[in-house]
Every structure is written in structure tokens, then in C-alpha cells.
Amino acid sequence: MRFDVLTLFPDMFTGFIQNSMIQKAHEKGLIETRIINFRDYAFNKHRTVDDIPYGGGDGMVLKPEPFFEAIDDLIDPNEEKPPVLLMSPQGERLTQQKVNQLATHSRLILLCGHYAGFDERIHQYVATEEISIGDYVLTGGELPAMIIMDSVSRQIPGVLGNTLSAQNDSFADGLLEYPQYTRPAEYRGYQVPEVLLSGHHLRIEKWRRQESLRRTWERRPELLDKVTLTEEDRIFLRQLEDQQGE
Ligand code: 4GX
């Protein structure tokens, strides 16, 4: 996977890329990142990348030229055009499903804006899609870009030490994760659930499934609509509902 990031704040990415997981994936040659300062593609001698909005109003708007030029430089017209993702609160919400779909590509281009936003022609003719990481407003698209790079990277085979762990996490089966414990079995009087100390694999598996279901039902009930449930799961959920009424 290759990530090309267009940003005015390339330094924000250095710490992130030097972080262990991403760094190791780099060393293994599984991912490659290019952080490009799009100010390098500004036309005039002052290297202006933004200007006042046509029609008036507050704030500044990112000019189209640097983005069109940078993309021309990055994309070979003979190659298949990679997704060009523009970070924006108006974009499609990032979900695990979206992350998995993005991870099927061999290259992603990420556009990070600041100020009031991008000239609409960047949205229309440079970006292929817009992504939002959630319904809150940030100062720029750099953190969303890092979130995409992080979540996509861990889906690439070999990036995580254990290839199974990416699959077992929350959202892999659509449920939240069950609670985990490690030694000691008692700390300050707080006990690890007895079943986990029992060595009874079937009982443990059943308990974990039920705790996943309980958590999802309590915290994110809307997720249950999309999960394939067994008859046993349904019985357990009905019990939870009945208990609630009591
Ligand atoms: N998920 N931001 C982008 C600049 C901007 C403003 C308007 C397009 C239109 C965000 C988010 C996010 C703040 C990044 C505004 N771009 N991005 N920036 N939430 O809040 O992705």
C-alpha cells in the first residue's frame, strides 16, 4: 500500500510514521508513505495556497491550482487512478467496512485542508470521494488522514504481528469486544470472573459471546441489526430485555 498525503503541515506526520506499527510495516516494505507539502505547488512567488471567498464571507478558501498540479505530478495517466480522498466533515462516515474497502487498493491519495475548506472544484474534479471521521469539527484534515492510514494499514496482511488479531477485534463480527483480564486473579479485592479461571473452553467461549452481546446491546444496540445471530444469541438477548423490564 502506498499513501500520498497532501498537507500544509508535513511535520504532523513524522511522529505518527515513526510509531512502531507503521514504522515496522515500512521496514518490511508493506507500506510506503509520501508526505507532500502542497505549498510546493503554489504558483506565485509568495507561494499562496489560499484566498478570500468569491461572494464574500469569513475565512479563506484553498486555491485549486496547487491540488490540480500536485495530482498531475502524482498520477501517471497510463495507470489506473487511485482513490483521492478528501477529508471533510461533509464526507461519507468512515466505518470498518469502508476501511476494509479502502485496504483493497494498492494506493491512496489523501487531501488535507485547513481554513474554511477547499475550492469546490477540488471536491468535484480532484477528489474521487470525501471521508468524514465523525460528526465534530477539527482544525484540519491531518488527524483524519492519519486515522485512515492507521486503520487501513492494520488490514494489510503482515502489518500486525498476528494476522488473526485484526480479524478478532471489535467490528470484525459486528459486535463489541468481550472484557479481557490478566494476572493477578484478585487485585485490591477485585476479582477476575470465575469462569475465565475454570479452564473450561466451551464455557469460556459461551461467556465471551454473551458479554460481547451484552455490551453491544447496552452501548451500541443499533449494531445488532447488522449482526448474524444464532438462536442461542437471540435467547440470550431476549433474557436481557426481560431483565430490563423487571
Ligand atoms: N472528518 N475537518 C477538514 C477543512 C474543511 C472545511 C470544510 C472541507 C470543507 C473532518 C472530520 C474535519 C475540519 C477536516 C475542516 N474541509 N475531516 N477541514 N470531522 O472536521 O474529516
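Use the structure listed above.
Throughout what follows, the structure given in this document is the object of discussion. Within each chain, residue numbers correspond to sequence positions counted from 1 in written order. pLDDT decides what is reported in this predicted model: residues at 70 or higher carry local features, side-chain atom pairs at 80 or more are listed and counted, and totals for whole chains, interfaces and linings draw on all residues regardless. Side-chain metrics rest on all non-hydrogen atoms present in the structure, leaving aside hydrogens and water.

### Thoughts on the pattern of salt bridges
By definition, a salt bridge exists where a carboxyl oxygen of Asp or Glu is found within 4 Å of a side-chain nitrogen of Lys or Arg. Summed over all chains, the structure comprises 14 salt bridges. Between K98 and E129 there is a salt bridge, with its nearest N and O atoms 2.7 Å apart. Taken together, the residues span a long stretch of sequence, with K98 in helix α4 (residues 96-102) and E129 in strand β7 (residues 129-132) at a distance of 31 residues. When the shortest N-O distance is used, the salt bridge between R220 and E222 registers 2.8 Å. Each residue's exposure class comes from its accessible area (1.4 Å probe, protein chains only) as a fraction of the maximum for that residue type: buried when under 20%, exposed when over 50%, partly exposed otherwise. Exposure remark for E222: the relative accessible area of 40% places this residue in the partly exposed category. A run of H or I in DSSP becomes a helix once it reaches four residues, and a run of E becomes a strand once it reaches two; helices and strands are each numbered from the N terminus.

### A word on the site of the ligand
A single heavy atom is enough: if one lies within 4 Å of a molecule or strand, its residue is considered near that molecule or strand. Around the ligand lies a shell of 19 residues, among which A116, I133, G134, Y136 and L138 are the nearest. At 3.0 Å, a backbone N or O of I133 approaches a nitrogen atom of the ligand. Applying the majority rule of atoms within 2 Å of the grid points places the ligand in the second largest pocket. Those elements that provide at least two residues to the shell around the ligand are β5 (84-93) and β7. Distance and chemistry together define a polar contact, namely a pair of N or O atoms within 3.5 Å, with one atom able to donate a hydrogen and the other to accept it when in protein, and with adjacent residues in sequence counting only for side-chain atoms on both sides. For cavity detection a 1 Å grid was placed over the protein atoms alone, and a set of points counts as a cavity when a 1.4 Å probe fits there but cannot get out; an open set counts as a pocket when protein lies on both sides within 12 Å along at least five of seven lines, with lining residues being those that have an atom within 4 Å of a point. A molecule is said to be in a cavity or pocket once over half of its atoms fall within 2 Å of that pocket's grid points.

### Overview of the packing of helix α9 (residues 201-219) against helix α10 (residues 231-245)
To get an axis, fit a line to the C-alpha atoms, keeping to the stretch in contact for a helix; angles then go from 0 to 180 degrees between the N-to-C directions. Following both chains from N to C, one finds α9 and α10 inclined at 50 degrees, their axes separated by 10 Å at the closest point. If you check the angle between α9 and α10, you find them oblique. Read as a crossing pair, α9 and α10 show a hand that is right-handed. Two secondary-structure elements touch here, α9 through K206, R209, Q210, L213, R214 and W217 and α10 through E232, D233, F236, L237, L240, E241 and Q244. In the contact of α9 with α10, the residues fall into five nonpolar, two polar and six charged. Here is the rule for angles: anything less than 35 degrees is roughly parallel, anything more than 145 is roughly antiparallel, 65 through 115 is roughly perpendicular, and the remaining ranges are oblique. Two helices crossing with the near one rotated counterclockwise from the far one by less than a right angle form a left-handed crossing, whereas a clockwise rotation gives a right-handed crossing. Any two residues whose heavy atoms approach within 4.5 Å are treated as being in contact. In the scheme used here, Gly and all other residues not listed as nonpolar or charged are polar, with Ala, Val, Leu, Ile, Met, Phe, Trp, Tyr, Cys and Pro taken as nonpolar and Asp, Glu, Lys and Arg as charged.

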